[in-house]
Amino acid sequence: MTEQTHRFKAVIAGKPYTIVGQATDDHMRAVTTLLNEQFKQLKQVSPDISKEDAAVLMAFNAISDQLKMAAAADAAATAATAATSTSAEQPQAPTKETGE
């Protein structure tokens, strides 16, 4: 079953947008809130930054975080695979059978 595409109206950095996607409204609201918080923080640190430059910096940070999370997930998967193959290669201790 495929998800339905729908429209979500958001105001980001004071500008209205209509976002088309499959995410839930709750997800879209959370993304909008986070974007507005990050924009506000950038404007506090650098009041003269343009909206375009702020957007580029936020996109750069988002992709940087995405790459870090992907690398961490890859490392965790590699460690899990190594742990599984190591435990599978461990010889099993012989069991003592009783002839009762």
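Just above, that's the structure.
Reference entry: report on the structure contained in this document. Predicted model, so just to flag it, every value in this text is computed and none were measured.

Criteria and cut-off values
- Residues numbered from 1 in each chain as written.
- Predicted model: local features only at pLDDT ≥ 70, side-chain atom pairs only at ≥ 80, totals over all residues.
- Heavy atoms only, no water.
- Pairing = 2+ DSSP bridges.
- Helix = DSSP H or I, 4+ residues; strand = E, 2+ residues; numbered from the N terminus.
- 1 Å grid on protein atoms, 1.4 Å probe; cavity = no way out; pocket = protein on both sides within 12 Å on 5 of 7 lines; lining within 4 Å.
- Points joined across faces, edges and corners; volume = space filled by probe spheres on them.
- Nonpolar A, V, L, I, M, F, W, Y, C, P; charged D, E, K, R; others polar.
- Salt bridge = Lys/Arg side-chain N within 4 Å of Asp/Glu carboxyl O.
- Buried < 20%, exposed > 50% of the residue type's maximum accessible area, 1.4 Å probe, protein only.

Focus: the pairing of strand β2 (residues 15–21)
Alignment of strand β1 (residues 6–12) against β2, held across seven bridges, turns out to be antiparallel. Within β2, the residue paired with Ala10 across the bridge is Tyr17. Between β1 and β2, which pair antiparallel and follow one another directly, the connecting turn spans two residues, one of which, Ala13, has a positive phi of 55°.

Quick notes on the layout of surface pockets
The rolling of a water-molecule-sized probe over the atoms marks out the regions of remaining empty space. There is about 170 Å³ of room inside the largest pocket. Residue assignment for the lining of the largest pocket shows that the elements contributing at least two residues are β2, α1 (25–45) and α2 (51–89). Residue composition of the lining of the largest pocket, by class: eight nonpolar, no polar and two charged.

With respect to the pattern of salt bridges
A side chain of one charge can pair with a side chain of the opposite charge when the charged atoms of the two come close. For the structure shown, the criterion picks out one salt bridge. Two residues, Arg29 and Asp26, come together in a salt bridge whose shortest N-O distance is 2.8 Å. In this pair, Arg29 and Asp26 are both assigned in helix α1, three residues apart and thus about one turn of the helix distant. Given the relative accessible area of 55%, Asp26 is considered exposed.

Details of the environment of Val31
Here Val31 lies in helix α1. Overall, the relative accessible area of 36% leaves Val31 in the partly exposed class. Remark: the alpha-carbon pair of Val31 and Ala10, spanning 21 residues in sequence, is separated by 9.7 Å.

Notes on unusual backbone geometry
As a rule of thumb, non-glycine residues mostly have phi less than zero, and peptide bonds are mostly trans rather than cis. Phi at Ala13 is positive, roughly 55°, even though this residue is not glycine. Looking at the element boundaries, Ala13 is found in the loop between β1 and β2. By relative accessible area, Ala13 is classed as buried at 16%.

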